[in-house]
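# Examination of the molecular architecture
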Amino acid sequence: MKKLLMRVTAALLVTAPLWASDAPPTGMFTADRRVQALRRHFPDVKLVTHEGQTRRFYQDLVQGKLVLINFMYTRCEGSCPRVTPNLVKAQTELGKRTQRRVAMLSITVDPKNDTAQALKEYARQFRVGPGWHFLTGKKPEIDHIRRRLGVYDPDDQKSGHMNVLIIGNEATGSWVALPALSLPSDIADTAVRLMR
């Protein structure tokens, strides 16, 4: 797990390489350029919500928002049945600490079986709150998102979906990764810190 989190963090930090052609001469990114580089990094593929609505990953779900992103699948018998209730608690904790809406995105790694209807039932089962989207789409596009976020292992098609939560403030370009089974209060603390 520690190794996976290091990979995720490295992927998020290296989204805008210092040798990019638009980097300032000093080799350091200004805040605006860092945010622009991150915006180019996120794919804008179409996904379908558990409510049957088509949304673009970057433009509709991530841009300008504070987001919590995890990967899961409804038939998981491992950690998903523990992660989702933990994130429900984190969502409740966030509601106590801020009036700002936080977008929560749970993206299936098994789109063949996880239709919008299957995800709707899953969301209902765990009684998730408003602002939380369970998403499906085309497998190559979901894998592309996973690669960009650093949670894709080509040797294990479902690797990386468990226990990794990515929290980001797209507007500021601040992103972190932590275990999805962290204490809900720690998840909320991290998200609130990224709001500043």
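Residues numbered from 1 in each chain as written. Predicted model: local features only at pLDDT ≥ 70, side-chain atom pairs only at ≥ 80, totals over all residues. Heavy atoms only, no water.

## Digging into the overall build of the protein
Within the protein, the secondary structure is distributed over seven helices and seven strands. Its helices and strands in sequence order give the protein the pattern α-α-β-β-α-β-α-β-α-β-α-β-β-α, from N to C terminus. Here the analysis covers contacts within the protein between residues at least 6 apart in sequence; of these, 69% occur between residues at least 24 apart. By element, 52% of the accessible surface of the protein is carried by carbon and sulfur atoms, the whole surface being about 9,900 Å². (Helix = DSSP H or I, 4+ residues; strand = E, 2+ residues; numbered from the N terminus. Contact = heavy atoms within 4.5 Å. Areas by Shrake-Rupley, 256 points an atom, 1.4 Å probe, with all protein chains shown as cover.)

## What to know about the pairing of strand β1 (residues 46-49)
By the alternation rule, side chains of β1 split into L47 and T49, which are all buried, and K46 and V48, of which none is buried. Sheet topology places β1 next to strand β2 (residues 54-56); three bridges connect them, and they run antiparallel. Paired with K46 across the two strands is R56, which belongs to β2. The antiparallel hairpin formed by β1 and β2 contains four residues in its connecting segment, where G52 sits at a positive phi of about 80°. Of the pairings in the sheet, the one linking β1 to strand β5 (residues 132-136) comprises two bridges and is antiparallel in character. Bridging from a neighbouring strand, V48 pairs with T136 of β5. (Buried < 20%, exposed > 50% of the residue type's maximum accessible area, 1.4 Å probe, protein only. Pairing = 2+ DSSP bridges.)

## Things to note about the side chain of T136
Following the sequence through the fold, T136 ends up in strand β5. Only 2.8 Å separates the side chain of T136 from the backbone oxygen of D114, close enough to count as a polar contact. Other than its neighbours up to four places away in sequence, T136 contacts L47, V48, T108, P111, D114, T115, A116, L119 and I142. (Polar contact = N/O pair within 3.5 Å; in protein donor to acceptor, adjacent residues only side chain to side chain.)

## Some words on the confidence of the model for the protein
Scored by pLDDT, the protein has a mean of 83; 79% of the residues are at 70 or more. For residues 13-28, every residue scores under 50 in pLDDT, and the model assigns this stretch 18 contacts once sequence neighbours within four places are set aside. (pLDDT = per-residue confidence, 0-100.)

## What to know about the packing of aromatic side chains
Enumeration over the complete set of coordinates arrives at six aromatic pairs. Their ring planes at 70° and their centres at 5.7 Å tell us that Y122 and F134 sit as a pair that is edge-to-face. Note that Y122 is positioned in helix α5 (residues 116-126) and F134 in strand β5, a separation of 12 residues in sequence. (Phe/Tyr/Trp six-rings, centres within 6.5 Å; stacked < 30°, edge-to-face > 60°.)

## Considering helix α6 (residues 139-149)
Inspection of α6 places I142, D143, I145, R146 and L149 among the buried residues, and these make up the whole buried set. The buried residues of α6 occupy one face: seen down the axis, they fall within an arc of 155°. Positive phi appears at G150, one or two residues downstream of α6, with a value of about 80°. (Arc of directions from axis to C-beta.)

## Notes on helix α4 (residues 80-97)
Taking 1.5 Å of rise per residue, 18 residues should cover 26 Å, and α4 covers 25 Å from first to last C-alpha, within 8% of that figure. Along α4, the positions that sit buried rather than exposed are C80, V83, T84, N86, L87, V88, A90, Q91 and L94. Next to the buried residues of α4 lie β3 (66-72), β4 (103-108), α5, β5, β6 (164-169) and α7 (184-195). (Expected span 1.5 Å × (residues − 1).)

## A short note on the sheet that holds β6
Spatially, seven strands are ordered β2-β1-β5-β4-β3-β6-β7 in an open sheet, and the strand pairing comes out mixed. Each having just a single partner strand, β2 and β7 (174-179) make up the two edges of the open sheet. Adjacent strand axes in the sheet meet at a mean angle of 30°, parallel and antiparallel pairs treated alike. Most of the contacts of α4 go to β5, to which it runs at about 145°, and overall it touches β3, β4, β5 and β6. (Axes fitted to C-alpha atoms, helices over the stretch in contact; angles between N-to-C directions.)

## Quick look at the nonpolar core
Core analysis: the biggest nonpolar cluster contains 53 residues, and F57, L68 and I69 have the highest contact counts within it. Filtering out sequence-adjacent residues up to four positions away, L68 remains in contact with L94, V102, A103, M104, L105, L165, I166, I167, I187 and A191. (Core = buried A, V, L, I, M, F, W, Y, C linked by side-chain atoms within 4.5 Å.)

## Things to note about the side chain of H50
For H50, the location among the structural elements is in the loop between β1 and β2. The exposure class assigned to H50 is buried, which follows from its relative accessible area of 9%. Filtering out sequence-adjacent residues up to four positions away, H50 remains in contact with A116, L119, K120, A123, W132, H133 and F134.

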